[in-house]
Amino acid sequence: MATPMRIFPKKCLKNTVHRLHRKPIISHKGISSNFCTSQNNRCFSSTTEFSECENRVFSGIQPTGIPHIGNYGGAIVNWLKLQNKYKEQMLLSIVDLHSITIPPQKQLRQNILDLTACLLACGIDPNKVILFQQSKVPYHTHLAWVLSCLCSVPKLQRLPQWKEKKAKVKDPSVGLMTYPILQAADIMLYKSTLVPVGEDQTHHIELTRDLSRAFNKEHGLIFPSCQMVPGEIAKIRSLRNPGSKMSKSEANPKSRIELLDSPEDVAEKIKKAVTDFTSEVTYDPDNRPGVSNLIEIHATMTDMCIEDIVEESFLRAEITSSYKSRLSDIINEKLSPIREKALEYQRNEEYLWDVLEVGAKKAMAIAELTMEEVKSCVGMS
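Residues numbered from 1 in each chain as written. Predicted model: local features only at pLDDT ≥ 70, side-chain atom pairs only at ≥ 80, totals over all residues. Heavy atoms only, no water.

A. Structural view of a positive patch on the surface. Taken together, the side chains of Arg-240, Lys-254, Lys-271 and Lys-272 define a basic patch exposed on the protein surface. Along the chain, Lys-272 turns up in the loop between α9 (263-271) and α10 (289-301). What makes Lys-272 partly exposed here is its relative accessible area of 41%. (Patch = residues over 30% accessible without salt bridge, like charges linked within 9 Å, V, L, I, M, F, W, Y side chains within 5 Å. Areas by Shrake-Rupley, 256 points an atom, 1.4 Å probe, with all protein chains shown as cover. Salt bridge = Lys/Arg side-chain N within 4 Å of Asp/Glu carboxyl O. Lys, Arg positive; Asp, Glu negative; His and termini not counted. Charge placed at Lys NZ, Arg CZ, Asp CG, Glu CD. Helix = DSSP H or I, 4+ residues; strand = E, 2+ residues; numbered from the N terminus. Buried < 20%, exposed > 50% of the residue type's maximum accessible area, 1.4 Å probe, protein only.)

Put into structure tokens, the structure is as follows:
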């Protein structure tokens, strides 16, 4: 019997949580209105505090369809951990304004409801997290306009995401180019210090830091700096093209497993997943991306390490086809209770809207205070 290929990385993914820095980069107590430096010298009269021991978490997700297991493993799992650590200091926004940058969004209302149902079914707790719809808090766009006046067009045009997205759209909109400013406003509006995002958002977080510094220098020291909080789970790749990450925008629905897929659909999609001609189950992302992607999915759906998954498959003397069959059962076992809960939530639209309304009121209370400071330091009030 052949010895399984050496796998990497050796680090076990089981029950890991990325180490979070408790102190924000800017950590001043009792910053008074004297720090406002606008030319008209109008400053907010109260005291702003950046606590040394308190962090605030902000994250957002676009309502562009039913979340898939890549969203679950790359974002939702991380949020479930963070909501327990930062109870009542974490905001999770359904960023519907971002979702309309690439039209059409004819099912936006239903997408918002479906996403809310799925998040609740996965375990997001509105008593721990401020879960809200972005457009219900108008201060997001108010602050975005102020920040846009501090950002140059060339800076936006240099962002890799802009270059990538404009290549896919015949006539890219202004909103598509400027949405990173809105993303910065999302974060800064709540003076967030921790932002759980993927590595592909690194440049946008850097832009947020730049805009925070620019505002603080030009108008007054209001905004703390933010840090990325990456998840521990690696990107889950497309089932049909393992060279790309799993995405809701990919045309082929067999490229992804959605949280509400039926057991039969899950089995069919895993069965048709692109692998290679080697029958052994080994983890080698560079040379065997398809099989390695299946192992990543297995790790996401269970508490097992990648090493343990490969070892178990070796002891079972599995070939790729039999491993796919077993993996389908593992995925369905994980998704079944989520699917049942989500379908139950979907039948109660009134409850879903109530959850978002309560969250919006909580978010509005924080956002309003921030905008009072912003307007005062800029000279609008």
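B. Representation of the packing of aromatic side chains. With the rule as written, the count across this model stands at four aromatic pairs. Between Phe-58 and Tyr-190, the ring centres sit 5.8 Å apart and the planes meet at 10°, which makes this aromatic pair stacked. Of this pair, Phe-58 sits in strand β1 (residues 57-61) while Tyr-190 sits in the loop between α7 (174-188) and β4 (194-195); the two residues are 132 residues apart in sequence, bridging distant segments of the chain. Taking the centre distance of 5.8 Å and the plane angle of 65° together, the rings of Phe-132 and Tyr-190 count as edge-to-face. Within this pair, whereas Phe-132 is found in strand β3 (residues 130-133), its partner Tyr-190 is found in the loop between α7 and β4, the two being separated by 58 residues in sequence. The burial state of Phe-132 is the same as that of Tyr-190; both residues are buried. Three or more aromatic residues joined by ring pairs form one cluster here, namely Phe-58, Phe-132 and Tyr-190. (Phe/Tyr/Trp six-rings, centres within 6.5 Å; stacked < 30°, edge-to-face > 60°.)

C. Fine view of the confidence of the model for the protein chain. Summing up the model confidence of the protein chain, the mean pLDDT is 86 and the portion of residues at 70 or higher is 85%. Of the regions scoring below 50 in pLDDT, residues 1-53 engages in 121 contacts with residues more than four places distant in sequence or in other chains. (pLDDT = per-residue confidence, 0-100. Contact = heavy atoms within 4.5 Å.)

D. Here's a closer look at the nonpolar core. Leu-119, Ile-295 and Ile-331 are the most contacted members of the largest nonpolar core, which totals 58 residues. Sort the elements by how many residues they give to this core and helix α3 (residues 108-122) lands first, with 10 residues. Once residues within four sequence positions are removed from consideration, Leu-119 is found in contact with Ile-61, Ile-76, Trp-79, Leu-92, Ile-94, Ile-124 and Leu-131. If you look at the next biggest cluster of nonpolar residues, it comprises 40 residues, including Leu-189, Val-195, Ile-222 and Cys-377. (Core = buried A, V, L, I, M, F, W, Y, C linked by side-chain atoms within 4.5 Å.)

E. The pairing of β1, seen in detail. Most of β1 is tucked away, with four of its five residues classed as buried. The pairing of β1 with strand β2 (residues 90-94) spans five bridges and is classified as parallel. Each residue of the ladder has a partner; that of Phe-58, found in β2, is Leu-91. Traced from β1 through helix α1 (residues 69-85) to β2, the parallel crossover comes out right-handed. (Pairing = 2+ DSSP bridges. Right-handed = clockwise from strand over helix to strand, strands pointing away.)

F. Representation of the environment of Asn-84 in the model. Here Asn-84 lies in helix α1. What makes Asn-84 partly exposed here is its relative accessible area of 48%. In this structure, the C-alpha to C-alpha distance between Asn-84 and Lys-128, residues 44 residues apart in sequence, is 7.2 Å.

G. Focus on the pattern of salt bridges. In total, this model carries 11 salt bridges according to the counting rule given. The salt bridge partner of Arg-213 is Asp-210, with a shortest N-O separation of 2.4 Å. Here the residue Arg-213 and the residue Asp-210 both occupy positions in helix α8 (residues 202-218), the gap between them amounting to three residues, near one helical turn. The class for Arg-213 is partly exposed, based on a relative accessible area of 47%. The partner of Asp-276 in a salt bridge is Arg-288, and the shortest N-O contact between them spans 2.8 Å. Of the two residues, Asp-276 sits in the loop between α9 and α10 while Arg-288 sits in the loop between α9 and α10, which places them 12 residues apart along the sequence. Residue class for Asp-276 comes out partly exposed when judged on its relative accessible area of 28%. Several salt bridges converge on common partners, so that one network encompasses Lys-155, Asp-210 and Arg-213.

H. Expanded view of helix α11 (residues 306-315). When α11 is considered as a whole, its buried residues turn out to be Ile-306, Ile-309, Val-310 and Ser-313. Projected down its long axis, α11 shows its buried positions confined to an angular sector of 95°, all on one face. Those residues of α11 that are buried lie in contact with α10 and α12 (320-346). Phi turns positive, to about 55°, at Ala-317, one or two residues after α11. (Arc of directions from axis to C-beta.)

I. Main features of α12. For α12, which comprises 27 residues, the first-to-last C-alpha distance of 36 Å matches the rise-based estimate of 39 Å (1.5 Å per residue) to within 8%. The largest bend in α12 comes to about 35°, at Leu-335, with the proline Pro-337 one to four residues further on. (Expected span 1.5 Å × (residues − 1). Bend = angle between axes of the 7 residues up to and from the residue.)

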